[in-house]
Structures are given as structure tokens and as C-alpha cells.
Amino acid sequence: KGVSASLKRLGFQVIDGYDLSASDMREKLGQFAAAAADAKASVVYYAGHGVSVEEENFLIPVDLALKSHADLKINAQSLSNVLDLMRRDDAVNVVILDACRDNPFAAELQRTARTRSAVAERGLSRVETSLAKGTLIAFATDPKSTALDGKPGENSPFTRALLKHMEEPGVSIDTVMNRVRADVWEETRQKQMPWVNTSIIGEFMLNPAATRTQVAALPGAASPDRKSTRLN
């Protein structure tokens, strides 16, 4: 909810959802894809469970009953599918994942995966540089590692640092994520290192100075070329 409120202040049209079932997640992503069709900048933020199987990352709905790799492909959302929904020419895409957790389905998936090593017991896999131009993916921690949760009712160290820095005016997204990384590294006593894959050319700012002035003058207004979805 904090990220949703922040993105609205930054002028994004926000499509948000919480504790989503598989069908709800599909519906929200469909709404997002339709709204983002003409956007020059899109952001997806996901907080929840994410798992890696055969080097593919999946975002997990709350009602997933997982007994095989097929169940995962049918009922979870692959990160590659989310990226496909965002991919457009001359657009900037940002995906922020606070989702690097222990894999609660590791034992079940290892029975059906081609090799036991194909199932990561914790964390998400690196996304290779075959990303479309203009895409940044930020992970709460480095590949195959576990990100820390916050205390009950509080944000995680990663999301807390993100909320601290994402509205800073005139700062590129690369600098924002560098500051987030430094804060999380310090707060977790060098146990968690946020990780970024990026193919953005040039600088992209979540909060350019002109946007900050516009949002201050028109509270609650949404710019038609900035879309985001927030899922958890």
C-alpha cells in the first residue's frame, strides 16, 4: 500500500491488488497490460513469494496448490510473461521484486523437475541480458539468496529503503536503486544485497523535477503515459 501511494504521488495510474488468487492475478495483469499499451513508462512492483525452477522465475498466487512443475506453469505467473506484457518500442519498463524467499514447494518440484539442481530452494534466478531495450529489474537480494521479511505489520528492509528513495526528485532509477542497495546492506548487517539487471539506455527518473511540480499542483492526478501495477 505504501508503494501504491508513492506511485500515485509520482503521477502513475496505479492498478493494485493484495493477497491475489491465481485468477485475480491474471485479471490484474490483464488490466495492467491494457492500460500500459500506450504508456511511455511502466512499473510493476511485486511483494510476496517467488520461486525459481529451471532458471525461470515465478510469482506465486496465494491459492496455489503445487504438486508438479505443470501446476506452477499453469497457475503461477512467470516473470518472462510479465516482461512480455510490458515490452513495447520506445518505452521504459521497471520491475521491482521483493520476492526472494525460501521455496516452500522445493520438495514437490524436485520430484518432477528434470534435475534436482533445477529447483532453487531459495531466491530467484538471474535474468540474462536478453532483456528488451529499456528494462530494469530490481531484486530484493542477489540471485539464489533469501530476502528478509519485516516485522509483522511492517515493510521489509528492501521495501522500506525503496519507499525512502523512490520519490527523490531529479534522481535516475539507477541512483535510486544504488541508494536502496546501500541502505539494505547496512540495515541487514551485510546479509542482504539487492540486485539489479538493467538495459535502460540513458537516464530514467521516477520523479523528474517537472513531474514533482505537476503532482504537487494536482494532487491525485494521473499522467496518461505512466502506468504501474502493484501486486502482493
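These figures come from a predicted structure and were not determined experimentally.

Moving on: the overall build of the protein. Counting its regular elements, the protein contains 8 helices and 8 strands. Looking at the protein residue by residue over its 232 residues, the buried ones come to 51%. Taking contacts inside the protein between residues at least 6 apart in sequence as the whole, the part at least 24 apart equals 69%. Of the roughly 10900 Å² that the protein leaves accessible, carbon and sulfur atoms contribute 49%.

The next thing to look at is the confidence of the model for the protein. Of the residues in the protein, 77% reach a pLDDT of 70 or more, and the chain-wide mean stands at 82. With pLDDT under 50 throughout, residues 115-122 is counted as low confidence; its partners more than four residues away or in other chains account for 26 contacts. Contacts of residues 211-224 to residues separated by more than four positions or lying in other chains number 14 contacts, the stretch itself having pLDDT below 50.

Right, let's get into the side chain of Ser 6. Summarising the element assignment, Ser 6 is placed in helix H1 (residues 2-9). At a separation of 2.8 Å, a polar atom in the side chain of Ser 6 contacts the side chain of Glu 167.

Take the packing of helix H6 (residues 157-165) against helix H7 (residues 173-187) next. For the pair H6 and H7, the least separation of the axes is 9 Å and the interaxial angle reads 140°. Here H7 runs oblique to H6, going by the angle between their axes. The two elements H6 and H7 cross, and the hand of that crossing is right-handed. On the side of H6, the interface is formed by Pro 157, Phe 158, Arg 160, Ala 161, Leu 162, Lys 164 and His 165, while H7 contributes Val 176, Met 177, Arg 179, Val 180, Asp 183, Val 184 and Glu 187.

Each aromatic ring pair is described using two quantities: the centre-to-centre distance and the angle formed by the ring planes. Per the counting criterion, the structure on display carries 0 aromatic pairs. If you follow Lys 1 out to its NZ or CZ, it ends over the ring of Tyr 18, 5.8 Å from the centre.

The next subject is the side chain of Thr 141. Take Thr 141: it is sitting in the loop between strand E6 (135-139) and H6. Assessed through its relative accessible area of 1%, Thr 141 is described here as buried. Here Asp 142 takes part through its side chain, which lies 3.0 Å from a polar atom of the side chain of Thr 141.

An α-helix turns once every 3.6 residues. As a result, residues three or four positions apart point the same way. Listed in full, the buried residues belonging to H1 are Val 3, Ser 4, Ser 6 and Leu 7. Looking straight down H1, one finds its buried side chains confined to an arc of 165°; they lie on one side. One or two steps after H1, the chain reaches Gly 11, where phi turns positive at roughly 95°.

Moving on to unusual backbone geometry. In the Ramachandran plot, Arg 189 falls in the positive-phi region, its phi being about 55° despite a non-glycine side chain. Exposure remark for Arg 189: the relative accessible area of 68% places this residue in the exposed category.

In a structure, side chains of opposite charge can pair up when their charged atoms sit close to one another. Following the criterion strictly, the structure yields 6 salt bridges and no others. Its salt-bridge partner being Asp 84, residue Arg 87 comes within 2.5 Å of it at the nearest N-O pair. For Arg 87, a relative accessible area of 39% translates into the label partly exposed. Assessed through its relative accessible area of 47%, Asp 84 is described here as partly exposed. Its salt-bridge partner being Arg 160, residue Glu 187 comes within 2.2 Å of it at the nearest N-O pair. Within this pair, whereas Glu 187 is found in helix H7, its partner Arg 160 is found in helix H6, the two being separated by 27 residues in sequence. Its relative accessible area of 34% is what places Arg 160 among the partly exposed residues.

For any two helices packed against each other, the geometry is given by the interaxial angle and the distance between the axes. Axis separation between H1 and H6 bottoms out at 10 Å; the angle between their running directions is 20°. Considered as vectors, H1 and H6 are oriented roughly parallel to each other. Relative to H6, H1 is oriented so that their crossing is left-handed. Each of Gly 2, Val 3 and Ser 6 in H1 lies in contact with H6, whose residues at this interface are Thr 159, Leu 162 and Leu 163. Taken together, the residues that form the contact of H1 with H6 break down as 3 nonpolar, 3 polar and no charged.

How each quantity is defined
Residues numbered from 1 in each chain as written. Predicted model: local features only at pLDDT ≥ 70, side-chain atom pairs only at ≥ 80, totals over all residues. Heavy atoms only, no water. Helix = DSSP H or I, 4+ residues; strand = E, 2+ residues; numbered from the N terminus. Buried < 20%, exposed > 50% of the residue type's maximum accessible area, 1.4 Å probe, protein only. Contact = heavy atoms within 4.5 Å. Areas by Shrake-Rupley, 256 points an atom, 1.4 Å probe, with all protein chains shown as cover. pLDDT = per-residue confidence, 0-100. Polar contact = N/O pair within 3.5 Å; in protein donor to acceptor, adjacent residues only side chain to side chain. Axes fitted to C-alpha atoms, helices over the stretch in contact; angles between N-to-C directions. Parallel < 35°, antiparallel > 145°, perpendicular 65-115°, else oblique. Left-handed = near helix turned anticlockwise from the far one by under 90°. Phe/Tyr/Trp six-rings, centres within 6.5 Å; stacked < 30°, edge-to-face > 60°. Lys NZ or Arg CZ within 6 Å of the ring centre and 35° of its normal. Arc of directions from axis to C-beta. Salt bridge = Lys/Arg side-chain N within 4 Å of Asp/Glu carboxyl O. Nonpolar A, V, L, I, M, F, W, Y, C, P; charged D, E, K, R; others polar.

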